[in-house]
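Fold and geometry: a report
This is what each chain is made of:
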Amino acid sequence: MNRQKKLAVLVGVLVALCAIIAIVSGVQKHMDTISTVDEEIFATSESALTAVSWTKEGSSLSFTKEDDTWQDASDADFPVDQDKMSEFLEHFESVHASFIIEDVQDFAQYGLDNPSCTITLTSADGDTVIQMGDYSTMDEKRYLTLGDGTVYLIDDDLEEYVATDRDELMRQDNVPEYDTLDGIVATGETAFTVEHHPDEDLTYTDAYEYYLNENGSYKALSTTKVEDFMTTLKDLDRTDYATYTADDSVLADYGLDAPAVTFTVTTTAEDEQQSFSLAFGKKGDDCYMRMDDSPIIYKVDADTYSDSIAAAGYDTLRPDEVLSLNWDDVQSIDFTVDDVTYTVEKNGDTYKIGEDVVEFDDVKSAVDALTVNEFNSESPAKKQETAFTVHLDNDAYPTLTVTIYQYDGDNCLVQLDGTTLGFVSRSLVVDLTEAVNAIALGLS
């Protein structure tokens, strides 16, 4: 290589070194300054805001406040849940950062060249624009900028609370909280009246609180079943709505001009009685629900309606047990098995047949286990299988007679005081007769 070529190469290397030095110097000159802090970088209150809007995942929502009430900026009829809006805005009352990154030249490294979420909070002082970038998995914090050239790592990930679907902020007509369920009146295709009488002697036992009122005649209901039915009404899906602008002119479109069934529920909360109604309508194969005079009409799953709503009544709410005895009130029991009657006298915790003390626990368990697996009102057509009469220390209900008749290989027909309850499993009847026979065999 001649001298001129060597000189040219050396000049080229020198130029390259100078360029590298310049780049490195430039990077060092614009190196971001990172400070570890615990600093409030933004604070506001819901009362100070007049509007809020945001964009996230391609979805944009905007709300304004009129007379202290939030409404959709483009649809004033949309029922905004005021509590949900308040809960969302609480997160902006005091925003703290644990890292402050100043002198930022490259916002892209924090995901802020194309923010994942932008929130604009409007007050009398103007707009505050919050842009959010990447989520730092190492720190478990979100990068954020307020448009001041500084990037913050915030302690609470605000983006987590931002809804992308307006329906997430929709008010729902929920069953109000209550201390006591006082009653349910069903009208329409399903008609019944449930009343709460926990302290009244309407039956032989204090095991029941709720009763079916049939023109002043009371039938005991299962407390668990009544409360479960209320839970069903309370938990019906209220996210799938048909409209939120309903008035009387459109009720027929949803079968709610003449509801198939309406439940009027009375409750007590903090010593004040309150009531509400849930009306259910049908239109073709579709089912709908409306609470009181709400403009919101909800869609109801057809199976839920047929299985839990339309089917509600005495047979779905009545107790399954044949008897719910308080054994402390029992004075004696007359058992008839195979046409032989045994009288069991009770004295304290001791049971006797004649002069013989008998072990009675298995019989008690068998009596308590008798449950109806299908309610009906059939009349007995076959012979009596077994029967027993319970004598109680109860002036209003001194005796209870259970009679069990043969029916088929799986079931027997059971009556209480001459009224058919329905089918009881034959295996439970066998358990009872065997328990009675066992103590009878031990008699002297």
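Please read these numbers as outputs of a predicted model, since none were measured by experiment. (Residues numbered from 1 in each chain as written. Predicted model: local features only at pLDDT ≥ 70, side-chain atom pairs only at ≥ 80, totals over all residues. Heavy atoms only, no water.)

1. Focus: the sheet that holds strand β23 (residues 372-375)
As summarised here, the arrangement of the 9 strands in space is β22-β21-β20-β19-β24-β25-β26-β27-β23, forming an open sheet in which the pairing is antiparallel. Only two strands of the sheet have a single partner each, and these edge strands are β22 (356-358) and β23. When the angles between neighbouring strand axes are averaged without regard to direction, this sheet yields 30°. Strand direction decides the pairing type here: strand β24 (residues 384-392) and strand β25 (residues 399-406), joined by 7 bridges, are antiparallel. Bridged to A387 within β25 is T403. (Pairing = 2+ DSSP bridges. Helix = DSSP H or I, 4+ residues; strand = E, 2+ residues; numbered from the N terminus. Axes fitted to C-alpha atoms, helices over the stretch in contact; angles between N-to-C directions.)

2. Considering the sheet that holds strand β10 (residues 180-188)
Ordered in space as β13-β12-β11-β10-β15-β16-β17-β18-β14, the 9 strands form an open sheet in which the pairing is antiparallel. On the outer flanks of this sheet lie β13 (217-221) and β14 (241-243), each paired with one strand and no other. Averaged over all adjacent pairs, the angle separating strand axes in this sheet is 25°, with direction ignored. Note: strand β16 (residues 272-283) against strand β17 (residues 286-291), 6 bridges, orientation antiparallel. Across the sheet, K283 pairs through a bridge with D286, a residue of β17. Packed onto the sheet, helix α3 (residues 223-234) meets β10, β11 (192-196), β12 (210-214), β13, β15 (261-269) and β16 and runs at close to 70° relative to β10. (Contact = heavy atoms within 4.5 Å.)

3. Section: unusual backbone geometry
Positive phi is not limited to glycine here, since D67 has a value of about 55°. Secondary-structure assignment places D67 in the loop between β3 (59-66) and β4 (69-72). For D67, a relative accessible area of 77% translates into the label exposed. You will see that D339, though not glycine, has its phi angle at about 65°, which is positive. Counting through the fold element by element, D339 comes out in the loop between β19 (330-337) and β20 (340-347). (Buried < 20%, exposed > 50% of the residue type's maximum accessible area, 1.4 Å probe, protein only.)

4. Section: the pattern of salt bridges
Per the stated rule, a full pass over the model turns up 12 salt bridges. R142 is paired through a salt bridge with D157; the nearest N and O atoms lie 3.0 Å apart. Linking R142 in strand β8 (residues 141-145) with D157 in the loop between β9 (151-154) and β10, this pair joins segments that are 15 residues apart in sequence. On the accessibility criterion, R142 (11% relative accessible area) is buried. Residue D157 is classed as buried on the basis of its relative accessible area, which comes to 13%. Across the salt bridge formed by K225 and D320, the nearest N and O atoms sit 2.7 Å from each other. Of this pair, K225 sits in helix α3 while D320 sits in the loop between α5 (314-317) and β19; the two residues are 95 residues apart in sequence, bridging distant segments of the chain. Looking at D320, the relative accessible area reads 30%, which means it is partly exposed. (Salt bridge = Lys/Arg side-chain N within 4 Å of Asp/Glu carboxyl O.)

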